[in-house]
Amino acid sequence: MSAFITKRLLYTVVILFAASLLIFSLYALTPGDFITGNIKLTPERKAELREIYGLNKPVLERYAIWLKNALHGDLGYSMAQQKPVLTLFNQYIWNSFLLAAVSTFLTWVTAVIIGCVAAYKQYSWFDTLVMVAIFAAMSLPSFFIGLFLIKILAVDWKLLPPGGMIATGSQATGLAYVKEVIHHMTLPVIVMTIMGVGSLARYIRGSMIDVIKQDYIRTARAKGLKERKVLFTHALRNAMLPAITLVGFELPALFGGSLIIEKIFNWPGIGQLYLTSFGLRDYPLLMGFTVLIAILTVIGTLLSDILYRVADPRVRLQ
Amino acid sequence: MSTIGSEITKAGTAGTAPVRSSMWRQAARRLLKNRLAMLGLAVVVFMFAFCFIGPLFSPYTDNKIHLAQMNKPPSPQHWLGTDALGRDVLTRVMQAGRISLTVGLASMVLSVFIGSLLGAIAGYFRGICDQIIMRLADLLLTIPGLPLLFILGALLSDWKVPTEYRMYIVMLMLSLVNWPGLARMVRGEVLSLREREFMQAATVLGLRNRRKLFNHLLPNLVPLIIVIASLNVGGAILSESVLSFFGLGVMPPTPTWGNMIDSANNMIDFQKRPWLWIPPGFSIFATVIAINIFGDGLRDVLDPRPRK
Amino acid sequence: MSDLLEIDRLKVYFDTREGTVKAVDDVSLRVRRGETVCIVGESGCGKSITAMSIMGLVGSNAAAGPFVDGQIRFDGRNLLRLDRNELRTIRGREIAMIFQEPMTSLNPVLPIGEQIMEPLIEHLKLSRKAARARAIELIRKVGISRPEQIAKSYPHELSGGMLQRIMIAIAISCNPKLLIADEPTTALDVTIQAQILDMMRQFKADSNMSILLITHDLGVVAEMADYVVVMYSGKVVEEGEVVELFTNPKHPYTRGLLKSKPVINQRQDELYSIPGQVPNPLELRPSCYFHERCERCMDVCRTREPRLREVGDNGKVACWLYEEAVVHA
């Protein structure tokens, strides 16, 4: 087990270095930078700024500097916002996390229930209905369904606010503030849950269908256990084993926010920050964000592997 | 205990012999019986007909600007109203569909081609080929997809490609982002096929690599590739719409479903003129769900592995 | 001795794409208290499905379950008429079952002890603590040492023989009146087989429990059975007391089965095997289903189905050979 983890960690670190170099080079190749785009500056001032930010050095040298700083916990300084990148991340990431955590939780709860019941009643009309709904959820363009719901629920029926995290100019504090945030996050959470529930419910349904056919489920029934117990203790535990590996893959989404949803709902999260910065070519921030997600992705993958080994007694001891 | 029936049907297809034509015929028969999948296919065919043949019946295909007809809501003349330049929205949805469907199909073909080829090579030859290809795939899979598409979009924009050719750029971008996942799947399948009896028999018979690869391995990969391909089209259409919505995909005046929804970014269009952006959104939805349902039906009859 | 279990004209039909499969067709049998009845037959003859029907486990997870008709009377109740909850209180408590594959019949992610405790908690309403103590006692009872440690282990850590003992421990945990054993020793090593059979016999003797044993192994039948039922293609072709059936088999199929069993000290040049194959269950026409493989096939066998009727003392056979004997006598 520990040999496995060591080997995987080593590979992970190598991949991360390669990925960060690739990302850095790609951003370096991307046309335009923050200084070029700023029309208020004189050519002399631009050259001076390039010198200060080290933008005229070769790519590899710039990467080396960036990497050295990054390893010391310094992701650089946002040119557009004039703040350290990490400070900005800390400011925005928790907004994203709030949205992602709530919707991930709802997604899993809904998907497990729907998946189990559909599998249990395989080929029934309920199952067919669920399958069609699952396909519908998997086929929705997230930005469109977001816009559509805003139009219907917020603009036309005025049930929910169309976007943002708090009402414009709101001075609410304490409980009133919490209520306001909940009110604002309802729509984006609904959309994110719809987007996530489809594939997960389908996965759990498939997994459950395989498990329900197993001999030990027959044994559990032969023992005279209640169907609920057969389904949720005996079947679900086995069906969730492969699904547990998916938990790790949620990690980048939890902290990386959703570019599309945050843009549509004007949510002050890190995805929104990324999009704004992309337009401004604020490279330190873009680089920091992309590498952060890459790190979360590899950690998530690693976590999945480890979780699987911990959860399954058959692999646990090997 | 309901396995009795399936055991009987399995008896006909059991065995690991190379794909036989009877398998295809049987798959087709079973597919025809899957009502949901057939409904999906019907919708896909309808969408293609709607987009490629539909404009022939429209009197508004000239794309001329009619200032007198600006921003009109749906009416008997213009079923889905007109846009800011007085163009018929229904006709534009059809024309946009042509581009969106073409981009979806073409980028699927390209990424499936690259992914299957590299995956098959990696799985078949193993060793250094496998290492290089799969490490590259791992690398690309580590970089978050949407930002990668954004960077690629910005990079390729720098080529100053004329807008009417931008759709080719978009195809290229989507394929670049999509192939690693496909390569992984194909490689996994090749690895398991390698170990099967008929491949070992081919080795024992002393068949050459090329012959083994093309006569014995590839035919057995075809079902998986078809399944991957069909499920990939939907994803490609969705990705294209996202990119175009963010202004990094195909750009106006070339219409696509994605960039038509872009008009929702305008506050007044969004609130007061839903006919501009809701029809393309539903077109995407209808097409993708139909493709996915049909693809799932295909998987049911073609994928020999247990469903997950 | 009164009847504990009485199956009367049981029919279990499955609808498949290719047609109806009559897996169990008009099967009647009875098990008395304290008796061991064996159902013998080749795989696919419907013996397992008969057993599953008693437990109500046939097609329990398919929306389109099989067509089931007839009566299964257990201790005065028709099991086929009970609702799910009533049936559940009988399963595991009054009728217990062990299966062919011990390796897959236990839940891989739950500890062994937990799986033994479940029916104790469910049926006997024991507390978790009492159930745990009883589970450990049961593990010891089925001859496994270090029961505390075994209770904490997972199925993959144990051998097939040990798992089958655990299955028996689960089965006897609530002192059932009937134990159904579906090929309990088929998947095990020969040396282990004897131990498992001994154990079942011993528990039966201790508690006056009845056993319905399903097997294709005549050695097991000779060892265990009081009464034998021979099935072929979903039908009972012969039944009788074990000694009578072994010494004086009537149906050509039973004779074939007995002939194909190797006997020590009587080395034959070639082991006998019944020629031909079991007929396709989709292509059964009115006939004796065994006629294609029968050495003594007559014209009537191809066109008419023989009825199961009493021949001799307490034995029954479904074969035209004896039908005629009856007619001409």
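Here the structure is a predicted model, which is why all the values come from computation and not from measurement.

J.: A description of the overall build of chain C should follow, citing residues and the corresponding values.
T.: If you tally the helices and strands in chain C, you get 13 helices and 12 strands. Against the compact-globule benchmark of 20 Å for 329 residues, chain C has a radius of gyration of 21 Å, which places it among compact chains. Its C-alpha atoms put chain C at 70 × 50 × 40 Å along the principal axes. Out of the 329 residues belonging to chain C, those deemed buried represent 54%. As displayed, chain C offers around 15,100 Å² of accessible surface, 47% of which is attributable to carbon and sulfur atoms.

J.: Outline a positive patch on the surface, listing residues and values.
T.: Taken together, Arg 25, Arg 29, Arg 30 and Lys 33 of chain B together with Arg 17 of chain C make up a surface patch of like positive charges. In this structure, Arg 17 of chain C sits in the loop between β1 (3–16) and β2 (19–32).

J.: Which residues make up unusual backbone geometry, and what values do they have?
T.: All names here are of chain C. Positive phi values are uncommon outside glycine, yet Lys 125 reaches one of about 55 degrees. Tracing the backbone through its elements, the reader meets Lys 125 in the loop between α4 (112–123) and α5 (128–141). On the basis of relative accessibility, which here comes to 62%, the residue Lys 125 falls in the exposed class. In this model, Glu 183 sits at a positive phi of 50 degrees, which is unusual for a non-glycine residue. Looking at the secondary structure, you find Glu 183 in the loop between β7 (178–182) and α8 (190–207). Take Glu 183: its relative accessible area is 6%, and that puts it in the buried class.

J.: Could you give an account of the sheet that holds strand β8 (residues 210–215) of chain C, naming the residues involved and the relevant values?
T.: Residues and elements named next belong to chain C. What the 8 strands build is an open sheet, ordered β6-β7-β8-β3-β9-β10-β12-β11; its pairing is mixed. Each of the sheet's edge strands pairs with one partner strand only, and the pair in question is β6 (95–98) and β11 (309–310). As judged from the 2 bridges shared by β11 and strand β12 (residues 316–317), these two strands associate in the antiparallel manner. Residue pairing for β12: Arg 309 is matched across the bridge by Val 317. Packed onto the sheet, helix α11 (residues 252–259) meets β3 (36–40), β9 (227–232) and β10 (235–241) and runs at close to 105 degrees relative to β9.

J.: Any details on a nonpolar patch on the surface? Residues and values, ideally.
T.: Taken together, Leu 98, Val 102, Phe 105, Leu 106, Val 109 and Ile 113 of chain A make up a surface patch of nonpolar side chains, about 480 Å² in accessible area. With respect to the element layout, Leu 98 of chain A can be found in helix α4 (residues 85–120).

J.: If you had to explain the interface of chain B and chain A to someone new, which residues and values would you point to?
T.: The interface of chain B with chain A comprises 41 residues on the first partner and 42 residues on the second. Summed over both partners, the interface of chain B with chain A comes to about 4,000 Å²; 82% of that surface belongs to carbon and sulfur atoms. The interface formed by chain B and chain A contains 1 salt bridge. Put simply, Asp 296 of chain B and Arg 202 of chain A hold a salt bridge, and the shortest N to O gap is 2.5 Å. The interface formed by chain B and chain A includes 6 residue pairs in polar contact (both at pLDDT 80 or more).

J.: Account for the environment of Gly 113 of chain C, naming residues and giving values.
T.: By secondary structure assignment, the location of Gly 113 of chain C is in helix α4. Apart from the residues within four sequence positions on either side, Gly 113 of chain C is in contact with Ala 135 and Ala 151 of chain C.

J.: Please give an account of the confidence of the model for chain C that cites residues and values.
T.: With 93% of its residues at a pLDDT of at least 70, chain C reaches an overall mean of 87. Predicted as a complex, the structure gets a pTM of 0.84 and an ipTM equal to 0.87.

J.: An account of the domain arrangement of chain C is requested, with residue identities and associated values reported.
T.: All names here are of chain C. Each assigned domain of chain C is listed with its residue range as follows: domain 1 (5–94 + 176–328) and domain 2 (105–174). Summarising the inter-unit geometry, the C-alpha centres of domain 1 and domain 2 are found 30 Å apart. Domain 1 puts 15 residues into the contact, and the matching count from domain 2 is 13 residues. Between domain 1 and domain 2, roughly 1,300 Å² of surface is buried when both sides are summed, and carbon and sulfur atoms account for 66% of that area.

J.: Can you break down the pairing of β7 of chain C residue by residue, with the values?
T.: Residue and element names in this part refer to chain C. Most of β7 sits inside the fold, with 5 of its 5 residues counted as buried. Residues of β7 alternate between two faces, with Leu 178, Ile 180 and Asp 182 on one and Leu 179 and Ala 181 on the opposite face, all of them buried. One ladder, built from 5 bridges, connects β7 with β8; its direction is parallel. When the sheet's bridge partners are listed, Asp 182 is paired in β8 with Ile 214. Each parallel crossover has a hand, and the one from β7 via α8 to β8 is right-handed.

J.: Before we move on, could you go through helix α3 (residues 59–71) of chain A and cite the residues and values that matter?
T.: For the α-helix, the turn length of 3.6 residues means that residues three or four positions removed from each other point alike. Residues and elements named next belong to chain A. The terminal C-alpha atoms of α3 lie 18 Å apart, and with 13 residues this matches the ideal 18 Å at 1.5 Å per residue to within 8%. Packed against the buried residues of α3 are α1 (2–29) and α13 (283–311). Just past α3, the residue Gly 73 takes up positive phi, approximately 80 degrees.

J.: Give a description of the sheet that holds strand β4 (residues 67–74) of chain C that names residues and reports values.
T.: Residues and elements named next belong to chain C. Within the open sheet, the 4 strands sit side by side as β2-β1-β4-β5. Their pairing is antiparallel. Only two strands of the sheet have a single partner each, and these edge strands are β2 and β5 (77–78). Pairing of β4 with β5 involves 2 bridges; the strand directions are antiparallel. Bridge pairing in β5 links Phe 74 to Arg 77. Against the sheet, helix α1 (residues 47–55) makes contact with β1, β2 and β4, and its axis sits at roughly 110 degrees relative to β1, the strand it touches most.

Cut-off values and rules
Residues numbered from 1 in each chain as written. Chains lettered and ligands numbered in written order. Predicted model: local features only at pLDDT ≥ 70, side-chain atom pairs only at ≥ 80, totals over all residues. Heavy atoms only, no water. Helix = DSSP H or I, 4+ residues; strand = E, 2+ residues; numbered from the N terminus. Rg over C-alpha atoms; globule rule 2.2 N^0.38 Å. Buried < 20%, exposed > 50% of the residue type's maximum accessible area, 1.4 Å probe, protein only. Areas by Shrake-Rupley, 256 points an atom, 1.4 Å probe, with all protein chains shown as cover. Patch = residues over 30% accessible without salt bridge, like charges linked within 9 Å, V, L, I, M, F, W, Y side chains within 5 Å. Salt bridge = Lys/Arg side-chain N within 4 Å of Asp/Glu carboxyl O. Lys, Arg positive; Asp, Glu negative; His and termini not counted. Charge placed at Lys NZ, Arg CZ, Asp CG, Glu CD. Pairing = 2+ DSSP bridges. Contact = heavy atoms within 4.5 Å. Axes fitted to C-alpha atoms, helices over the stretch in contact; angles between N-to-C directions. Buried area = accessible area lost by both parts, 1.4 Å probe. Polar contact = N/O pair within 3.5 Å; in protein donor to acceptor, adjacent residues only side chain to side chain. pLDDT = per-residue confidence, 0-100. Domains from an automatic or database assignment. Right-handed = clockwise from strand over helix to strand, strands pointing away. Expected span 1.5 Å × (residues − 1).

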